[in-house]
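Given next are the chains, with one letter for each unit.
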Amino acid sequence: MPLSNSAVRDIETLVHPYTNLALHRETGPLVINRGEGVFVYDEHGKAYLEGMAGLWCAALGYGNEELAEVAARQIRTLSFTHLFGGKSHDPAIELAEKLKEIAPSPMSKVFFTCSGSEANDTQVKLIWYMNNALGRPQKKKIISRIKGYHGVTIASASLTGLPNNHIDFDLPIPGILHTGTPHHYRNALPGESEVDFATRLADELEALILKEGPETIAAFIAEPIMGAGGVIIPPTTYFEKIQEVLQRHDVVLIADEVICGFGRTGKMWGSQTFNMQPNALSCAKALTSAYFPLGAVMIDERMYDALVSESRKIGTLGHGFTYSGHPVGSAMALKTIEIYQRERIVEKVAAKAPQFQKRLKALADHPLVGETRGIGLIGALEMVADKASKRSFEAKKMIGAMCVKHCEKEGLILRNLPNDAIGICPPLVISEAEIDLLFDRLTTALDKTEADVSAQNLRAA
Ligand SMILES: Cc1ncc(COP(=O)(O)O)c(C=O)c1O
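Residues numbered from 1 in each chain as written. Predicted model: local features only at pLDDT ≥ 70, side-chain atom pairs only at ≥ 80, totals over all residues. Heavy atoms only, no water.

A. Layout of helix H5 (residues 90–102). In this model, H5 (13 residues) spans 18 Å end to end at C-alpha, consistent with the 18 Å of a helix rising 1.5 Å per residue. Those residues of H5 not exposed but buried are Pro91, Ala92, Leu95, Ala96, Lys98, Leu99 and Ile102. Taken around the axis of H5, the buried residues stretch over an arc of 165°, which confines them to a single face. Exposed side of H5, more than 90 degrees from the buried face: Asp90 and Glu101 are the residues found there. Close packing links the buried residues of H5 with helix H4 (65–77), strand E4 (109–113), helix H11 (270–273), strand E10 (295–299) and helix H13 (327–342). (Helix = DSSP H or I, 4+ residues; strand = E, 2+ residues; numbered from the N terminus. Expected span 1.5 Å × (residues − 1). Buried < 20%, exposed > 50% of the residue type's maximum accessible area, 1.4 Å probe, protein only. Arc of directions from axis to C-beta. Contact = heavy atoms within 4.5 Å.)

B. Examining the packing of aromatic side chains more closely. According to the stated counting rule, one finds 6 aromatic pairs in the structure shown. Consider the rings of Phe80 and Tyr323, whose centres lie 6.0 Å apart with planes at 85°: the pair is edge-to-face. In this pair, Phe80 sits in the loop between H4 and H5 while Tyr323 sits in the loop between helix H12 (301–314) and H13, placing the two residues 243 residues apart along the sequence. Classification of Phe80 as partly exposed rests on a relative accessible area of 33%. Judged by relative accessible area, which is 46%, Tyr323 ranks as partly exposed. (Phe/Tyr/Trp six-rings, centres within 6.5 Å; stacked < 30°, edge-to-face > 60°.)

C. Inspection of the site of the ligand at higher detail. Taken together, the residues surrounding the ligand are Ser115, Gly116, Ser117, Asn120, Tyr149, His150, Gly151, Glu223, Asp256, Val258, Ile259 and Lys285. Backbone polar atom of Gly116 to an oxygen atom of the ligand: 2.9 Å apart, as the coordinates give it. Compared with its free state, where it exposes 390 Å², the ligand has 83% of that area covered by protein. The element contributing the most residues to the shell around the ligand is helix H6 (residues 116–133), with 3 residues. Looking at the shell around the ligand residue by residue, the class counts come to 3 nonpolar, 6 polar and 3 charged. (Near = heavy atom within 4 Å. Polar contact = N/O pair within 3.5 Å; in protein donor to acceptor, adjacent residues only side chain to side chain. Areas by Shrake-Rupley, 256 points an atom, 1.4 Å probe, with all protein chains shown as cover. Nonpolar A, V, L, I, M, F, W, Y, C, P; charged D, E, K, R; others polar.)

D. Local environment of the sheet that holds strand E5 (residues 141–145). Spatially, 7 strands are ordered E4-E10-E9-E8-E7-E5-E6 in an open sheet, and the strand pairing comes out mixed. Looking at which strands have only one partner, the edges of the open sheet turn out to be E4 and strand E6 (176–179). Put simply, the sheet's adjacent strands are angled 20° from each other on average, direction ignored. The sheet contact formed by strand E8 (residues 252–256) and strand E9 (residues 280–283) spans 3 bridges and is parallel. Its bridge partner being in E9, Ile254 is matched across the sheet by Ala280. Lying over the sheet, H5 contacts E4 and E10, oriented at roughly 120° with respect to E4. Contacts from H6 reach E4, E5, strand E7 (217–222), E8, E9 and E10, with the element oriented near 25° to E10. (Pairing = 2+ DSSP bridges. Axes fitted to C-alpha atoms, helices over the stretch in contact; angles between N-to-C directions.)

E. Fine view of the pattern of salt bridges. All chains considered together, the criterion is met by 26 salt bridges. Ionic pairing is found between Arg200 and Glu204, a salt bridge with its closest N-O pair at 3.2 Å. Residue Arg200 and its partner Glu204 are located together in helix H9 (residues 194–212), separated by 4 residues, close to a single helical turn. Judged by relative accessible area, which is 22%, Arg200 ranks as partly exposed. Linking Glu394 and Lys396 is a salt bridge whose minimum nitrogen-to-oxygen distance equals 3.6 Å. By relative accessible area, which is 32% here, Glu394 ends up partly exposed. Given a relative accessible area of 69%, Lys396 falls into the exposed group. (Salt bridge = Lys/Arg side-chain N within 4 Å of Asp/Glu carboxyl O.)

So yeah, pure geometry; function would need other evidence.
Now the structure itself:
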């Protein structure tokens, strides 16, 4: 098909995030112009089931009238005011109260950002600031994990443990360390149980802390489930053991709930699903169901007290974004959380999860699939060249991209993740019939991918 008028103009004007810019000049974009429920529609009117909720974020799907009304009302009442210099407004105050009320562990205060990346950058800065306040200027290093995803701003991209976020961006910055990925299928030793694997990962973390010197390690940041790294579910007992190590060395635990927060795993927070008791928490995305760019950082009492004493000394907390606590975003987040609670969205996720996970697990029998993994309404399947040896396809064969393209042809949007894993993360409001439709289309796409792989002999090493 020739490129549409919009596609030609796109190529002439836009730099696309996370896109092969050279290839894009030939293939052009998929132009999505409308959404309703769990479906989006391209410029030609073709419907796609949005199996990724956009970027793991459109939890309530598309076209929610209540949210549209709240936005319009707030814009009419007060389109902008801010929180700098001690100014405030009711939507931000109410939203902070609500977040404290539902937080997975006792949180003292909330700082607002516009994105998950800004939330995690803020975490890094607040931790550094705190440890200066506490008179331990050496305690500044932050540990994250290989394959963890924490965003793309300079500190957040450094925390992210994926090569494409570092290569030729001259990252990571100094003082950011990466420890092992809790992926049993790929990283466990032969015969190693999940429990033993978790113990080994905690031991490795402790060895790293001891090697660097506990007096230099400030924080550990982790997503309850690694999302963009491939939807990696931690082995049983992992976070319990990790937290014992952190507590022994007075290392703060930051939960990056940007994907898991607000019901994705079948509980309000991933931290609750995996027994995490974070000292600090980042959230974004489903905070407004992606109807407005908004992120939040929650911190506990000790961190807050330190910020107070340091800002007293310096004269100000010299950090904040123009749109920190934007009144429209705050009002929309409040309405979003009200809808989650009123409609019992989290309980409904837990109720729909068995069907979703059963359909996902059934794909493990497919000749292309090495592993399926998931919890709640999130999952992935990892395609391999050889199931018995778990040998991956060569990256340059781009099997994941091929599969996602077949999904697109079938009217399904999914995401190609590292190692030819296909991510699935639909809006939380997806119905049971739509879950079946999603997996029916995915099965067809997998069959077509398998046909291409066989016809082109792509399994050859
Ligand atoms: C776990 C996690 N943290 C942080 C981010 C970064 O958020 P943003 O893209 O809003 O900056 C993401 C984005 O996908 C994420 O998945």
